[in-house]
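Per-entry structural report
Take a look at the letters that make up each chain.
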Amino acid sequence: MKKIIILFCFLLSISLYSQREITLEEAIKIAQKNSPDYKTLLNKNQASFWRFKNYKAGFLPQLRLNATLPSYSNSINGQINDDGQYEFVRSNQARLQGNLSLNQNIALTGGTISLSSQLERVDVFGDNSSTGFSVIPFSINYNQNSIFYNQFKWDKKIEPLIYEEAKREFIENMEQISLNTSRRYFALLKAQVQSKIAKSNLSNQDTLFQISKGRFKMGKIAENDLLQIELSVLNSKNSLTTNEINFKRTSQNLSRYLSLDTENILLNVPKELSIFKVTVKKAIEEAKSNRKAVIEFRRKRLQAEQDVAEVKGSNRLQLRLNANFGISQQGQVFNNLFQNYNQQQNVSISIGMPILDWGVSKSRRKLVEASKDLVNTNIEQDKQEFDQEIYLHVLNWQNQRNFLETAKKAQEIAIRRYDITKKRFVLGKITITDLNLALQEKDRSVLQYLNSLENFWTDYYTLRRLTLYDFIKNKKIEVKDIIYN
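Quick summary incoming for the structure in this document. (Residues numbered from 1 in each chain as written. Predicted model: local features only at pLDDT ≥ 70, side-chain atom pairs only at ≥ 80, totals over all residues. Heavy atoms only, no water.)

A tally of helices and strands in the protein chain yields 9 helices and 10 strands. Overall size of the protein chain, expressed as C-alpha extent along the three principal axes, is 135 × 60 × 45 Å. Taking all 485 residues of the protein chain together, 37% fall into the buried category. A fraction of 76% describes how many contacts in the protein chain between residues 6 or more apart in sequence connect residues 24 or more apart. For the protein chain, the computed accessible surface area is about 29500 Å², with 54% contributed by carbon and sulfur atoms. The centroid of the 69 positive side-chain charges in the protein chain is displaced by 7 Å from the centroid of its 50 negative side-chain charges. (Helix = DSSP H or I, 4+ residues; strand = E, 2+ residues; numbered from the N terminus. Buried < 20%, exposed > 50% of the residue type's maximum accessible area, 1.4 Å probe, protein only. Contact = heavy atoms within 4.5 Å. Areas by Shrake-Rupley, 256 points an atom, 1.4 Å probe, with all protein chains shown as cover. Lys, Arg positive; Asp, Glu negative; His and termini not counted. Charge placed at Lys NZ, Arg CZ, Asp CG, Glu CD.)

Structure (structure tokens):
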């Protein structure tokens, strides 16, 4: 017997040692570093970061080398000679060309200015073999696709908003991870408590059944009462099996979400938060200051205005400007190329204007203007829903602590009533029906308290997500551990 007890204690110690105890706060911290939602969020945020870096780099000087490696051609080509006659001549030559350019986008005008140098060598083979060189030591070129529409101007307005929106979205989604973790945590906590209740109920019901069998033999209770308590034992066994399956499922859900190496998790009932006051005015002010939605409204308006400006800039008169100034030289002796330069300059303005397009230009303009009006209308509706969501949630939050206190008191009363009822049943003063009713009310009150506690915490994390503000510490919620690879 002693060996069995020692073995049981040893197995129990191993089970307790391998069991991991986690609080709600610890679970949230783990989820915000290891959960699949965090990894997805981090990848998405990194994409936004590099998009913004790419935008910023677009306004820095770009040095580029373009080269044509030795290309060889031996073919017969047609050409027009000096007499205006078309003839076929053999071409047997090799060509090498290199161009080094420094390009700079000009945000003020929407054009691109470039400074370049070019060197070219052509080797002609055959009876009249020769080698020729061409060099452009210095050339300045300016190009602008449209005079009436400046893409760079709109990028400078919109891209910073997109990046700021992404940063705020990251913080919001981190708070959403807290909310998701809280829901999984309480799902397992309720399954854990229900499993304990089912085991306790089965043990109590079995004890009462054994007592009832003795009382039945003594003729103190009817057979109907004995059968009813036996049925309660069977129902308790089924309830225990169902709760054990649910306990296993919720353990796996939380373990996978936190990327833990064990499913044997022990949870503690979270303590209530310290009392703090939240006003609707304060919540809306912080939400408008911190949430991504406010940036999103501005960004959508600007993008709608950009679409209108782009269509107007290219819908009627289209102008393109290209200007070039530089020096060049060519010859058959390489050392003679860098003297007595020839000037080269050109300026070209291309124009395009629809004469008869059957209303295509007008319809395009009207379409983007209608889209802009629709965007503005939707934004106004979203603003109203934005304020209303926060208003209703703050009102709900203000009552959550009262709901929790009521549920906690009801649980205490139901548990006490069940204990008294069980003692009275053992003394034979009440029926099994009264005992079962007290048992059901006790189990229901425990579950209602856990549901109220879950609502309390999920509403708290929802409030944080809606405002991005920590009302306990009275400061804006920030995330500083974003990693960019």
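A few words on the side chain of S236. Here S236 is to be found in helix α5 (residues 223-258). Classification of S236 by relative accessible area gives buried; the value is 10%. Side-chain polar atoms of S236 contact the backbone oxygen of S232, separated by 2.9 Å. Other than its neighbours up to four places away in sequence, S236 contacts N201, L202 and Q205. (Polar contact = N/O pair within 3.5 Å; in protein donor to acceptor, adjacent residues only side chain to side chain.)

Here the focus is the pattern of salt bridges. Side-chain pairing between opposite charges can occur once the charged atoms of the two side chains come close. Overall, the coordinates contain 23 salt bridges when judged by the stated rule. Notably, a salt bridge pairs E159 with R51, separated by 2.9 Å at the nearest N-O pair. One end of the pair, E159, is in helix α4 (residues 151-217); the other, R51, is in helix α3 (residues 36-57), and 108 residues separate them in sequence. For K248, the salt bridge goes to E263, with nearest N and O atoms at 3.2 Å. Of this pair, K248 sits in helix α5 while E263 is found in the loop between α5 and β6 (265-267), placing the two residues 15 residues apart along the sequence. With relative accessibility at 45%, the residue K248 sits in the partly exposed group. Among the residues examined, E263 registers a relative accessible area of 33% and is labelled partly exposed. Here the salt bridges do not stand alone but share partners, grouping K44, E169 and K292 into one network. (Salt bridge = Lys/Arg side-chain N within 4 Å of Asp/Glu carboxyl O.)

Packing of α5 against helix α9 (residues 432-467) brings their axes to within 10 Å, and their N-to-C directions diverge by 25°. In terms of their interaxial angle, α5 and α9 are classed as roughly parallel. Every residue of α9 that contacts α5 at D225, Q228, I229 and S232 is listed here: I432, T433 and N436. Looking at the contact of α5 with α9, its residues break down into 2 nonpolar, 4 polar and 1 charged. (Axes fitted to C-alpha atoms, helices over the stretch in contact; angles between N-to-C directions. Parallel < 35°, antiparallel > 145°, perpendicular 65-115°, else oblique. Nonpolar A, V, L, I, M, F, W, Y, C, P; charged D, E, K, R; others polar.)

On to the nonpolar core. The biggest cluster of nonpolar side chains holds 57 residues, and the ones touching the most others in it are L258, L267, V278, I390, W397 and W457. For this core, the element with the most residues is α4, which contributes 11 residues. Apart from the residues within four sequence positions on either side, I390 is in contact with A283, I284, A287, R291 and L466. Ranked by size, the runner-up nonpolar core spans 16 residues in total, among them L208, F209, A438 and L439. (Core = buried A, V, L, I, M, F, W, Y, C linked by side-chain atoms within 4.5 Å.)

Throughout the structure, instances matching the rule amount to 16 aromatic pairs. When the ring of F456 is compared with that of W457, the centres are 6.0 Å apart and the planes differ by 85°; the resulting orientation is edge-to-face. You can call F456 buried: its relative accessible area is 1%. Judged by its relative accessible area of 8%, W457 falls in the buried class. Measuring from ring centre to ring centre gives 5.0 Å for Y469 and F471, while their planes differ by 70°; the resulting arrangement is edge-to-face. By relative accessible area, which is 6% here, F471 ends up buried. Here the aromatic cluster, defined as three or more aromatic residues joined through ring pairs, consists of F49, W50, F52, Y55, F59, F152 and Y163. In this structure, R184 packs its charged tip against the face of Y257, placed 4.1 Å from the ring centre. (Phe/Tyr/Trp six-rings, centres within 6.5 Å; stacked < 30°, edge-to-face > 60°. Lys NZ or Arg CZ within 6 Å of the ring centre and 35° of its normal.)

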